[in-house]
Number of protein chains: 2
Amino acid sequence: MDLSTQIREKGLKATPSRLNVIQVLGSNHLAYAHAELEALFSDMDRVTLYRVLNDFEEAGLVHKIIDVDGVTRFALCKHSCPGAHHADEHVHFNCRGCHKMFCLENVPAPNVKIPLGFKVSGVQTLIYGYCKSCSAA
Amino acid sequence: MDLSTQIREKGLKATPSRLNVIQVLGSNHLAYAHAELEALFSDMDRVTLYRVLNDFEEAGLVHKIIDVDGVTRFALCKHSCPGAHHADEHVHFNCRGCHKMFCLENVPAPNVKIPLGFKVSGVQTLIYGYCKSCSAA
DNA sequence: AATGTAAATGCAATAAAGTTGCGTTTGCGC
DNA sequence: GCGCAAACGCAACTTTATTGCATTTACATT
């Protein structure tokens, strides 16, 4: 299925801005910050970019993660999520060298024993360290 | 050991601002946001508060965590950490009702199997859901 | 293919969060 | 009590994100 159709299936219009963004997000398993995408699409208004990302998140096309520096990042959901209720329970790896954020789709979130009284909705596991390129350098 | 001494042992001066902040952080196992502390100490300058928190973090008195909403929070280190290199590898619980962030000192960070090529420095495990009070309501 | 309309965009203004510089004040070692 | 480095308060500024509104555009319908 092509990107336009994927967007339309979520009830959103397949605009150029949206196609550009989703194409970049789909090109790898990285989570992108607003600033990075803004630099990539210098002709797109920053507000539009904020709205594209928020709309995608609410539609369940992308998931939002905060990296170790507190920067908000967005990555394509591998399996389309039911609306805003994401099933993105995979582990993320944040490189302290290049600051890239990798979605480790194949690494499931580990089980954690929680004290009584807490009702758990989900777990975010964020690993930080150095990626292959950065630990080589 | 009293709070003033604890602060002085880290090479910092025991000022009223610092004593106020550390007293609140020590009163429970919650991680506080800048805005919350600012509201608590309305006479303290916001910049001073930023600096108190940063100095404490660099001194290893408190650790910094980003909550699920991307808000930066600070909590007292139970065991004094060696400088800025924190050993706060415990699990945090973020309530989606009251937005409180609990340090679960007794819940160790789980082991995660990481693909080859990544060099791991640490793991942040952030659980979200509802705390006792909020799930009752 | 033309058209109507709700959705999306661009721009300006504003808000929230964090940082920097600098002159004044203060903790604390002497 | 004195001196001085450290800490503080204030102002200005930067970055990140949000809101309102007028204009434009995707696309369902004819």
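Residues numbered from 1 in each chain as written. Chains lettered and ligands numbered in written order. Predicted model: local features only at pLDDT ≥ 70, side-chain atom pairs only at ≥ 80, totals over all residues. Heavy atoms only, no water.

Draft legend 1. Quick peek at the pattern of salt bridges. For the structure shown, the criterion picks out six salt bridges over all chains. Of the charged contacts, one joins Arg73(B) and Asp67(B) as a salt bridge, the two residues approaching to 2.9 Å between their closest N and O atoms. Each of the two residues, Arg73(B) as well as Asp67(B), counts as buried. The network of salt bridges with common partners includes Glu36(A), Asp67(A) and Arg73(A). (Salt bridge = Lys/Arg side-chain N within 4 Å of Asp/Glu carboxyl O. Buried < 20%, exposed > 50% of the residue type's maximum accessible area, 1.4 Å probe, protein only.)

Draft legend 2. Region of the structure containing the interface of chain A and chain B. Contact residues are listed per partner, giving 35 residues for chain A and 35 residues for chain B. The junction of chain A with chain B conceals about 2,700 Å² of combined surface from both sides, 67% of it contributed by carbon and sulfur atoms. The largest contributions to the chain A side of the interface with chain B come from Phe118(A), Gln124(A) and Tyr128(A), which together make up 22% of the buried area. Connecting chain A to chain B are 12 residue pairs in polar contact (both at pLDDT 80 or more). Contributing elements (two or more residues each) for the side of chain A that touches chain B: β4 (90–95), β5 (101–108), β6 (119–130) and α5 (132–136) of chain A. Broken down by element, the side of chain A that touches chain B gets its largest block of residues, 12 residues, from β6(A). Counted by class, the side of chain A that touches chain B contains 19 nonpolar, nine polar and seven charged residues. In this sheet, strand β6 (residues 119–130) of chain B lies alongside β6(A) in antiparallel orientation, the contact comprising 11 bridges. (Contact = heavy atoms within 4.5 Å. Buried area = accessible area lost by both parts, 1.4 Å probe. Polar contact = N/O pair within 3.5 Å; in protein donor to acceptor, adjacent residues only side chain to side chain. Helix = DSSP H or I, 4+ residues; strand = E, 2+ residues; numbered from the N terminus. Nonpolar A, V, L, I, M, F, W, Y, C, P; charged D, E, K, R; others polar. Pairing = 2+ DSSP bridges.)

Draft legend 3. Here's a closer look at the protein's contact with DNA strand D. Taken together, the neighbourhood of DNA strand D is formed by 20 residues, with Arg8(A), Arg46(A), Arg18(B), Thr48(B) and Arg51(B) sitting nearest. A distance of 2.8 Å separates a phosphate oxygen of DNA strand D from a polar atom in the side chain of Arg8(A). For the surface near DNA strand D, the secondary structure elements donating two or more residues are α4 (46–59) of chain A together with α2 (16–25) and α4 (46–59) of chain B. Per-element accounting of the surface near DNA strand D gives the leading share, five residues, to α4(A). Class assignment for the residues of the surface near DNA strand D results in seven nonpolar, five polar and eight charged. (Near = heavy atom within 4 Å.)

Draft legend 4. The protein's contact with DNA strand C, seen in detail. Not every one of the 19 residues close to DNA strand C is listed here, only the nearest: Thr15(A), Arg18(A), Thr48(A), Arg51(A) and Ala14(B). In the interface set of DNA strand C, defined as its atoms within 4 Å of the protein, sugar plus phosphate atoms amount to 60%. Backbone polar atom of Ala14(B) to a phosphate oxygen of DNA strand C: 2.7 Å apart, as the coordinates give it. Elements supplying a minimum of two residues to the surface near DNA strand C: α2 (16–26) and α4 of chain A together with α4 of chain B.

Draft legend 5. Representation of the packing of α2(B) against α4(B) in the model. Residue and element names in this part refer to chain B. Interhelical geometry of α2 versus α4 gives an angle of 65° and a closest axis separation of 10 Å. Judged by the inter-axis angle, α2 sits roughly perpendicular to α4. In this structure, α2 crosses over α4, and the sense of that crossing is right-handed. Across the interface between the two elements, Ser17, Arg18, Val21 and Ile22 from α2 touch Thr48, Leu49, Val52, Leu53, Asp55 and Phe56 from α4. Its residues placed into classes, the contact of α2 with α4 shows six nonpolar, two polar and two charged. (Axes fitted to C-alpha atoms, helices over the stretch in contact; angles between N-to-C directions. Parallel < 35°, antiparallel > 145°, perpendicular 65-115°, else oblique. Left-handed = near helix turned anticlockwise from the far one by under 90°.)

Draft legend 6. Main features of the relation of the copies chain A and chain B. When chain A is fitted to chain B, the best match, at an RMSD of 0.1 Å, comes from turning it 180° and sliding it 0.0 Å along the axis. Here the transformation between the copies is reduced to the relation of a two-fold axis. Across chain A, the rotation axis passes nearest the C-alpha of Thr125(A), at a separation of 2.4 Å. Interface overlap between copies is the fraction of interface residues in one copy that are interface residues in the other; for chain A against chain B it reaches 100%, indicating a shared surface. (Least-squares fit on C-alpha atoms with pLDDT ≥ 70 in both.)

Draft legend 7. Focus on the pairing of strand β2 (residues 62–66) of chain B. Residues and elements named next belong to chain B. Along β2, four of the five residues are buried, which leaves the element largely enclosed by surrounding structure. Bridging between β2 and strand β3 (residues 72–76) involves five bridges; their strand directions are antiparallel. Each residue of the ladder has a partner; that of Val62, found in β3, is Leu76. Adjacent in sequence and paired antiparallel, β2 and β3 are bridged by five residues, among which Gly70 carries a positive phi angle near 85°.

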